[in-house]
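An overview of the molecular structure
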Amino acid sequence: MALAGCGTDVDDITVGAGKGWPATHHDGSNASGSPVSGAKSMSLSWSRPVGGPIAQPLTIGADGQMFVTTSTGNCAIFSFQMLTGRKRFCNPLGPSTIEAPTVLDGVSNVYVGDDGAVNSFNYLGQPRWRTPVAGVPVAIQFTGDGNVLTVTQSGQVDVLSRQTGGRVVPTAQLLGEPDFLKYPGLTRPASGDGLDDCHTGGPRCAVANTTAVDPSTGRFFVTVWEPGKQAAALRALRYGNGTVTQEWSAEVLTGGSATSPALSADGDTVYIGDNSKRLIALNAADGATRWTQPLPWAPRGGIAVAGDLIIPAGDDGYLTALRDNDDKAEIVWERKDLALRGTPAHTAGDIGYTVAAIGAGLSLITFDTTTGKTIDSDPLPAATGTTTGTSIGPKGEVVVATRLGEIFAFTPDA
């Protein structure tokens, strides 16, 4: 009776979209948009180094607790408090954790991959579970029913229980199952094999990007470059009825995938960028190409989708917005004076944020998403290089991290 009293059949921990920044590009749509009202004036609150490089955007819980992966030798995942930047915990994991994004549930349990496993810790850093996988999870999201969807760079797909880490459905292999009868001496590649190619969507990284998820249909979208293929593909798979099945595959990503897929607000269109400097819109139901739009640079990282406006990222490019006109895209505005050094993000009230190169340094740019006009500009003191992404906190805070390993937190002016 005592044991029975400890359990419950009701899972009341929320997952998915909401205040804070619970996933790499905010939620399963990967649209890099927060429901909070954006502030037109920001000020630097604090900055701090983490002691190692950073490759993935920070995630932020509903209470402002932040999480980031790195590689310091002693710690691979850090958590910091929003108000002061004070460290809450740091935990050791495998060396490839730096390439693994994090995802958070409503009570700031964190889910993260490392070399050959998916891990979960509570908000204090105490381990909850660890589940072995083949490779390093480079994509991690929540399914519509609150489970954890992970995809490794080698193409292994798993849906895990958020409570226990147990497999909810059989593992799927995007590159197929190895034939050990035909190749009896076949060995599993090292967990980190091909990770270096993930940065640019190269051929040695089968899956290079964060998965987009449509919780209403169970459909999710993943980029896959099969060995020997001339181009990478965008695939639509569906999780449901106790299995993961493929619905369609569109081999349209010339030179490999350059961005994570992002969904329109209605879920009918999926946007993706490739290494031939194109932005592509596909029908989410059948994979048919709706339009392609050449860009002056290869987009990288994420794509912000604000209504019918699409704002691509890419450190070789500049801040610009395109409109989806169903059968074609049109450029709405361009800011060729703002060289991107991070991923744009947007909030309610048509406010956007990104990091741009200003002079010899970096600045957080607050801009009007409808016009591209600069509203505010705040320097990142002594920052160089580029940033991993733009994350928005539950009270409108904006947090960015440089790839060299420094975090900058900005708060709205009163």
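Residues numbered from 1 in each chain as written. Predicted model: local features only at pLDDT ≥ 70, side-chain atom pairs only at ≥ 80, totals over all residues. Heavy atoms only, no water.

The chain carries the name Outer membrane protein assembly factor BamB in an unreviewed UniProt entry, which gives Nocardia alba as its organism.

A few points about the state of the cysteines
As a reminder of what qualifies: Only a pair of cysteine sulfur atoms within 2.5 Å qualifies as a disulfide here. The numbering of helices and of strands both runs from the N terminus, where a helix is a DSSP run of H or I of at least 4 residues and a strand a run of E of at least 2. Buried means the residue's accessible area, taken with a 1.4 Å probe over protein chains only, is under 20% of the maximum for its type, while exposed means over 50%, and partly exposed covers the values in between.
The full count for this structure, using the stated rule, is 2 disulfides. Here Cys75 pairs with Cys90 through a disulfide, and the sulfurs are 2.0 Å apart. Of the two residues, Cys75 sits in the loop between β4 (66-69) and β5 (77-80) while Cys90 sits in strand β6 (residues 87-91), which places them 15 residues apart along the sequence. Classification of Cys90 by relative accessible area gives partly exposed; the value is 23%. Note that Cys198 is cross-linked by a disulfide to Cys205, the S-S spacing being 2.0 Å. Disulfide Cys198 to Cys205: torsion about the S-S bond roughly 85°, handedness right-handed. Residue classification places Cys198 among the buried residues on the basis of a relative accessible area of 11%. Classification of Cys205 by relative accessible area gives buried; the value is 2%. In the chain, numbering the disulfide-bonded cysteines from first to last in sequence yields the connectivity 1-2, 3-4.

A few points about the pattern of salt bridges
Operational definition: Salt bridges are identified by distance alone: a Lys or Arg side-chain nitrogen within 4 Å of an Asp or Glu carboxyl oxygen.
All told, the structure shown has 14 salt bridges when counted by the stated rule. Of the charged contacts in the structure, one is a salt bridge between Arg204 and Asp193, with a shortest N-O distance of 3.0 Å. Separated by 11 residues along the polypeptide, Arg204 in the loop between α2 (195-198) and β15 (212-214) and Asp193 in the loop between β14 (172-173) and α2 bring together distant segments of the chain. A single salt-bridge network, built from bridges that share partners, covers Arg219, Arg238 and Glu247.

A look at the UniProt feature "domain: Pyrrolo-quinoline quinone repeat" (unreviewed entry) in the chain
Basically, it comes down to this: UniProt positions are given in the numbering used here, feature names are shortened, and annotations may be inferred rather than shown by experiment.
Within this structure's numbering, the places UniProt gives as "domain: Pyrrolo-quinoline quinone repeat" (unreviewed entry) are residues 246-393. As annotated, residues 246-393 has a helix share of 0% and a strand share of 60%, and its two end C-alpha atoms lie 35 Å apart.

Some points on the packing of aromatic side chains
Put simply, the rule is: Ring pairs shown here join Phe, Tyr and Trp side chains whose ring centres sit within 6.5 Å, with only the six-membered ring taken for Trp; geometry is labelled stacked below 30 degrees between planes, edge-to-face above 60, and tilted in between.
This model, assessed by the stated rule, comprises 8 aromatic pairs. Judged by centre distance (5.7 Å) and plane angle (85°), the ring pair of Tyr111 and Phe142 falls under edge-to-face. Of this pair, Tyr111 sits in strand β8 (residues 110-114) while Phe142 sits in strand β11 (residues 137-142), and the two are 31 residues apart along the sequence. A single burial state applies to Tyr111 and to Phe142, both of which are buried.

Quick word on the environment of Asn325
Cut-off, in case you're wondering: Pairs of N or O atoms are called polar contacts if they sit within 3.5 Å, as long as, within protein, a hydrogen donor faces a hydrogen acceptor (for residues adjacent in sequence, only side-chain-to-side-chain pairs).
Within the secondary structure layout, Asn325 lies in the loop between β25 (318-324) and β26 (329-340). Sequence separation of Asn325 and Trp291 is 34 residues, and the distance between their C-alpha atoms is 9.4 Å. Within the structure, Asn325 has its side chain in polar contact with the side chain of Glu330 (distance 3.0 Å).

Quick notes on the nonpolar core
A general tendency of soluble globular proteins is for nonpolar side chains to be buried together. Our working rule: Here the nonpolar core consists of buried residues drawn from Ala, Val, Leu, Ile, Met, Phe, Trp, Tyr and Cys, with membership extended through side-chain atoms lying within 4.5 Å. Contacts are assigned to residue pairs that have any heavy atoms within 4.5 Å of one another.
In this structure, Met66, Tyr353, Leu380, Val399 and Ile407 are the most contacted members of the largest nonpolar core, which totals 32 residues. Elements with a contribution of two residues or more to this core: β2 (42-49), β4, β5, β28 (351-358), β29 (361-368), β32 (398-402) and β33 (406-412). When near neighbours in sequence (up to four residues on either side) are disregarded, Val399 contacts Leu58, Ile60, Met66, Met82, Gly389, Thr390, Ser391, Ile407, Phe408 and Ala409. The next biggest cluster of nonpolar side chains, apart from the first, holds 31 residues, and it includes Phe89, Ala206, Val222 and Tyr239.

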